[in-house]
Amino acid sequence: MNTTPITSLKKSACAYCGVGCGVLIETDGSRIVGVRGDAEHPANFGRLCTKGATLNLVAEQAESRALYPELRSQRGDSRQRASWDGALDHAAERFAAIIREHGPDAVGFYISGQLLTEDYYVFNKLVKGLIGTNNVDTNSRLCMSSAVTGYKATLGADAPPACYDDIAATDCLFIAGSNTAYAHPIVYRRIEDARKANPNLKVIVVDPRRTDTTREADLHLPILPGTDVALFNAMLYVMLWEGLLDQDYIAAHTSGFDELRATVREYSPETVAAVCGVPAADIVTAARWFGQSPATLSLYCQGLNQSSHGTDKNTALINLHLATGHIGRPGAGPFSLTGQPNAMGGREVGGMANLLSAHRDLANPAHRDEIARLWGIASVPATPGKTAVEMFEAAARGEIKALWIACTNPAQSLPNQTLVRAALQQAEFVVVQEVNAYTETAEYADLLLPAAAWGEKEGTVTNSERRITHVQAAISAPGECRPDWEIAVDFAHRLGARLGKSGATLFPYVNAEAVFNEHRESTRGRDLDITGLSYALLDTCGPQQWPYPEGAQSGTVRLYENGIFPTADGRARFANTRYLPTAETTDARYPLHLNTGRLRDQWHGMSRTGMVARLYSHVESPVLSMHADDMARRGLKPGDLARIKSRRGELLVPVEASDDMRIGQAFMPMHWGSRYISGLGVNALTMDQFDAVSKQPELKHAAIQVEKAPLPWHMAVMRRDHAVARMLRIQPLLARFDYASCGLYGRQNPVLVLRIAHAVPLPADLLAEIDRLLDMRDETSIMRYDDPKRGVAKRVLVENGCVAGVRLTGEIAARDWLKEMMAEGVQIAPLRSWVLAPLATPPSGSGSRGRIVCNCLNVSDTQIAAAVSQGADLPALQATLKCGTECGSCVPEIKRMIAMGKREAA
Ligand code: SF4
């Protein structure tokens, strides 16, 4: 229990997902010592999920921080500490030289939906206003750009029309391409509440995979990958046929319906059933529930967006809302859930290659003129910038010579990692502006700039329901870390001086609020007008939804209530969508569909969550989930290592059998990159083909082959104390093993856990290197057992009478129970007989607790299963084990275990 006195409490928002939960940061004056949900924040009313509730554990993490600028004088050398002046002057020199010689399009900026709106605004102005290129894009391109193009194509503006309160007000919830229970847990808590309050609420979930979200649905449509448009068109077909459309709404508020009606005639449920792989009757049911409901709300996310036809998937779904009039009313509307905490803010300031501030379009000359006037520059360049994938392709070709990467990790998160790594290698100068000095991308940095982290800087963020929160700095940034906007402004001043432009005039900001005020002015008269907002108002009245124009008394809860849309004629436009298959098809060589997605307790590329031991306890390391029949066909058993190949790369991971998958499909989580496993992570396999309009790549689908990868030599290493620091030291070695994964285990004093499999025994020098990096060389403190005939060896490091380190080779079955005992500080005495004998089994009375299901209360699956076998239901489990009583993120899984227990008992 934390007994540190709390001396201040600052309001902020969670740094993880687009739900945008309000957080109260507790500090002791200099350190963040705790977090709690902000009971006054309208996004979460005090609730946090497992990730949000452990934000303080990330903030406590000092070992991984970048603390001062580091500069590499030439490739191949290591980076050396530099002063800020020296670092930014050097960067300005390099950028200015490249711009003078090759033009402004020879540089690119790749930024992030994790930045605050003020950071984003400054970067956008730096690139488009000072440098004169539109080569600025963001990792939101991987996440939300199809939602943007979908909204704009149909409703006329990039604005989610609904709000979280609509979940409680709806009669039919249509969830497509979203495992809300895992990806947006606090939204899912609202869904659970709505179901309790309204037993008639219908929930339909469209997802190729069975998930904790689909299990709670009244109807699950497990469509084949990429067939969403066919499904939505077929639902419209049924609604047309059965007279479920709102003809008055169509006539009064929309255009383009006749063309769409002609198209959907080809999409009968019977025809589409074969395309989507779901029964025609289920398509009819979904259409009826959607159309007949007094109010239908759609929630959707990456399953629609991360597709080579992502725009069509979005517009086909919005078509259903326009055709039924389920929009602009309580409980109704197409509501895109944003992935990142401030993807919305980035969209608002136009921080992407094809956008301009305040939802203006780069392609629109009038919009370019408006921004040039606002910024006081002659013009904004008209040439579209390179989007995320295009930017790295251009760098790989040598066209983009300098890359500035802020607050994101493209060497983990972009598809087709082979190409991305080649681009980072090829670029002449790579700047990485980061909190964490040990990301995959930071390894490529010629200049590493230390950025202030969550809780250390001020600004605003916007969540999925258009709600802006003022986040406050709770503590000072450590070392020489600076806020992202401030770094960009300092660089702009220095670069401007070298390019003969006045950076100081363009970037006069003295604080984040000055940046916000300029951004606010850019929205005047636009659909997202926030001229009525200020930091002071956000502090006094709390987070507000845009638009909030000058003179308004409150924000706007719901858009388009009057049926007038921000289009030239005020009408929403139906999109004439047609189904097209995924960009890559399966064939005899690559017969399986690979789907990727998020886990409950990890976030993005683990640059934050990877430092928190308890966030590994739900899922320790990545596995490929497959249908049991597909595994049997390949001679695979659960836990076997498999080699997964796509047309772009390959990866070794263990496999598991899962009845969540249909035959022919496989799933792997997106989080683990090359700092946590050998190989380049799942994005070694994924495709960089993208949607023609949104330029969002098809991360949700790749064709793969899977084969058994028998690696006969196994090793497990566990090391207690300073686990994060030791993990950071060992990570660069992972690439030297055929298979390796590293992670953490435990809570108070975590254990580093390293698992290795290799084709041949590791050479002695590599074993010695591992021992050296993990401080396991003191022979006087090591107990050993060797059985050369069986190839089994044990090394146990004893410190102060406790087991501090273990290295097992040959036989590693003891790994699970040992790591748990080590995390609890087990003495050597009860383990002495195990160490000195050929036994793999634990001493009597001990054994693995299994996987932790309830992370808040540290309750494992074995505990829950034991209670369920005695007949415990959810209330009984909550009363006895307390699981699911804190953040609630584990409740769907507990319900699943109870249902399974009942089935087994029956
Ligand atoms: Fe953070 Fe969880 Fe809320 Fe998302 S749902 S903002 S991760 S606490």
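Our subject in this report is the structure included herewith.

Procedures and definitions
- Position labels on residues start from 1 in each chain and follow its written sequence.
- For a predicted model such as this one, the threshold for reporting local features is a pLDDT of at least 70, and the threshold for listing and counting side-chain atom pairs is 80 or more; totals across whole chains, interfaces and linings nevertheless cover every residue.
- As a convention, hydrogens and water are excluded, and side-chain values are obtained from all of the structure's heavy atoms.
- Runs of H or I in DSSP of at least four residues are treated as helices and runs of E of at least two as strands, each being numbered from the N terminus.
- Radius of gyration means the value over C-alpha atoms here, while the globule rule gives 2.2 Å times the residue count to the 0.38 power.
- Accessible area is worked out with a 1.4 Å probe on protein chains only. A residue is then buried under 20% of its type maximum, exposed over 50%, and partly exposed in between.
- Note on contacts: a residue pair qualifies if any of its non-hydrogen atoms lie within 4.5 Å across the two residues.
- Under the convention used here, a 1.4 Å probe and the Shrake-Rupley method define accessible areas, while residue burial counts only the protein chains that appear.
- Residues belong to one nonpolar core when they are buried, are Ala, Val, Leu, Ile, Met, Phe, Trp, Tyr or Cys, and are joined through side-chain atoms within 4.5 Å.
- Between 30 and 60 degrees the pair is tilted, below 30 it is stacked and above 60 it is edge-to-face, where a pair is any two Phe, Tyr or Trp rings, Trp via its six-membered ring, whose centres lie within 6.5 Å.
- Computed over the protein atoms alone on a 1 Å grid, cavities are sets of points where a 1.4 Å probe fits but cannot get out and pockets are open sets with protein on both sides within 12 Å along at least five of seven lines; a residue lines them when it has an atom within 4 Å of a point.
- Grid points are joined across faces, edges and corners, and a volume is the space filled by probe spheres set on the points.
- Gly counts as polar in this scheme, as do all residues outside two lists: the nonpolar Ala, Val, Leu, Ile, Met, Phe, Trp, Tyr, Cys and Pro, and the charged Asp, Glu, Lys and Arg.
- Note on pairing: two strands pair once DSSP finds at least 2 bridges between them.
- Lines fitted to C-alpha atoms define the axes, with helix axes restricted to the stretch in contact, and inter-axis angles between N-to-C directions lie between 0 and 180 degrees.

### Structural notes on the overall build of the protein chain
Alright, step 1. In terms of regular secondary structure, the protein chain is built from 32 helices and 36 strands.
Alright, step 2. Relative to the compact-globule value of 29 Å for 906 residues, the protein chain shows a C-alpha radius of gyration of 27 Å, a close match.
Alright, step 3. Summarising its shape, the C-alpha atoms of the protein chain cover approximately 80 × 70 × 60 Å along the three principal directions.
Alright, step 4. Counting every position in the protein chain, which comprises 906 residues, the buried fraction comes to 64%.
Alright, step 5. Here the analysis covers contacts within the protein chain between residues at least 6 apart in sequence; of these, 72% occur between residues at least 24 apart.
Alright, step 6. Accessible surface, the protein chain as shown: approximately 30800 Å² in total, 51% of it carbon and sulfur.

### Here's the deal with the nonpolar core
Note that soluble globular proteins tend to have their nonpolar side chains buried in a common cluster.
Alright, step 1. Counting residues in hydrophobic clusters, the biggest one holds 119 residues, and the most contacted among them are F95, F109, F232, M235, W404 and F491.
Alright, step 2. The contact partners of F491, leaving out residues within four places of it in the chain, are L88, A91, A92, F95, F109, L126 and W404.

### As for the packing of aromatic side chains
Alright, step 1. Applying the stated criterion across every chain, the model contains 18 aromatic pairs.
Alright, step 2. Consider the rings of W404 and F491, whose centres lie 4.4 Å apart with planes at 45°: the pair is tilted. Within this pair, whereas W404 is found in strand β16 (residues 402–406), its partner F491 is found in helix α21 (residues 484–499), the two being separated by 87 residues in sequence.
Alright, step 3. Judged by relative accessible area, which is 0%, W404 ranks as buried.
Alright, step 4. In this structure F491 comes out as buried when scored by relative accessible area, which is 0%.
Alright, step 5. One aromatic cluster is present, formed by F95, F109, F123, W404, F429 and F491 through successive ring pairs.

### Let's talk about empty space enclosed by the protein
Alright, step 1. With the rule as written, the count across this model stands at two cavities of 30 Å³ or more.
Alright, step 2. Space inside the largest cavity adds up to approximately 90 Å³.
Alright, step 3. Taken together, C14, Y16, C17, V19, G20, C21, L48, C49, K51, G52, P185 and I186 make up the lining of the largest cavity.
Alright, step 4. The residue inventory of the lining of the largest cavity, partitioned by class, reads nine nonpolar, two polar and one charged.

### Some remarks on the sheet that holds strand β25 (residues 641–645)
The strands that make up a sheet are held in pairs by hydrogen bonds between backbone atoms, and each pair lies either parallel or antiparallel.
Alright, step 1. Reading around the circumference, β23-β27-β24-β26-β25-β28 is the order of the six strands in this closed barrel, with mixed pairing throughout. Strand-to-strand twist of the sheet, defined as the mean angle between neighbouring strand axes without regard to direction, takes the value 45°.
Alright, step 2. Bridge count for strand β24 (residues 624–626) against strand β27 (residues 665–669) is two bridges, and the pairing is antiparallel. Its bridge partner being in β27, M626 is matched across the sheet by A666.

### Quick word on unusual backbone geometry
Note: most residues except glycine have negative phi, and most peptide bonds are trans.
Alright, step 1. In this model, W546 is joined to P547 through a cis peptide bond whose omega is 0°.
Alright, step 2. Mapped onto the elements, P547 comes out in the loop between β21 (544–545) and β22 (572–573).
Alright, step 3. The residue R466 is not glycine, and still its phi comes out positive at about 70°.
Alright, step 4. Locating R466 in the fold gives a position in the loop between β19 (459–462) and β20 (467–471).
Alright, step 5. Of the residues examined, R466 reaches a relative accessible area of 0% and is grouped as buried.
Alright, step 6. Even without being a glycine, Y560 presents a positive backbone phi close to 65°.
Alright, step 7. With respect to the element layout, Y560 can be found in the loop between β21 and β22.
Alright, step 8. Of the residues examined, Y560 reaches a relative accessible area of 10% and is grouped as buried.

### Describing the sheet that holds strand β33 (residues 792–799)
Alright, step 1. Ordered by their spatial adjacency, six strands build an open sheet running β30-β31-β29-β34-β33-β32, and the pairing between neighbours is antiparallel. On the outer flanks of this sheet lie β30 (739–745) and β32 (782–787), each paired with one strand and no other. In this sheet, adjacent strand axes meet at a mean angle of 10° when their direction is disregarded.
Alright, step 2. In the sheet, β30 pairs with strand β31 (residues 751–758) via seven bridges, with the strands oriented antiparallel. Bridging from a neighbouring strand, A740 pairs with I756 of β31.
Alright, step 3. Each of β29 (713–720), β30 and β31 touches helix α26 (residues 723–730); the most contacted strand, β31, lies at about 25° to it.
Alright, step 4. Strands in contact with helix α28 (residues 815–823) are β29, β30, β31 and β34 (802–809); relative to β29, the strand with the most contacts, it is inclined by about 10°.

Everything listed here is a matter of geometry and, on its own, says nothing about what the molecule does.
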